[in-house]
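Structural description and commentary
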Amino acid sequence: MRTVNVGLGHRSYCIKIRRGLIDGAGAELRGLGFNGRVAVITNPAVAALYGQRLHVSLKDAGFSATVIEVPDGE
């Protein structure tokens, strides 16, 4: 897995990159200690390509997921 740090001072965060990560996203979040409800914010094009797989991964890991689609450019 490759990790890219987005340096924003106190708002910094990491992005994880790995083949198949969408299908393992729920397990990855569980491994990081997250649980309960999650929100996925996406646009219609990305949701059409990956939304169902991500939703299944989150559900299988015990998450209650809400998908929020916003228009491109928002």
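See above for the structure.
Basis of the calculations
Residues numbered from 1 in each chain as written. Predicted model: local features only at pLDDT ≥ 70, side-chain atom pairs only at ≥ 80, totals over all residues. Heavy atoms only, no water. Patch = residues over 30% accessible without salt bridge, like charges linked within 9 Å, V, L, I, M, F, W, Y side chains within 5 Å. Areas by Shrake-Rupley, 256 points an atom, 1.4 Å probe, with all protein chains shown as cover. Salt bridge = Lys/Arg side-chain N within 4 Å of Asp/Glu carboxyl O. Helix = DSSP H or I, 4+ residues; strand = E, 2+ residues; numbered from the N terminus. Buried < 20%, exposed > 50% of the residue type's maximum accessible area, 1.4 Å probe, protein only. Right-handed = clockwise from strand over helix to strand, strands pointing away. Phe/Tyr/Trp six-rings, centres within 6.5 Å; stacked < 30°, edge-to-face > 60°. Lys NZ or Arg CZ within 6 Å of the ring centre and 35° of its normal.

Details of a nonpolar patch on the surface
A contiguous nonpolar surface patch, about 350 Å² in accessible area, is contributed by Leu8, Tyr13, Ile15 and Ile17. Within the secondary structure layout, Ile17 lies in strand β2 (residues 13-17). Ile17 gets classed as partly exposed once you look at its relative accessible area, which sits at 42%.

A closer look at the pairing of strand β3 (residues 37-42)
A one-sided burial pattern is seen for β3, the buried positions being Val38, Val40 and Thr42 and the unburied ones Arg37, Ala39 and Ile41. With helix α2 (residues 44-60) bridging β3 and the parallel strand β4 (residues 64-69), this β-α-β connection has right-handed handedness.

With respect to the packing of aromatic side chains
What the rule picks out here adds up to 0 aromatic pairs. Over the ring of Phe63 we find Arg30, and its NZ or CZ is 4.6 Å from the ring centre.

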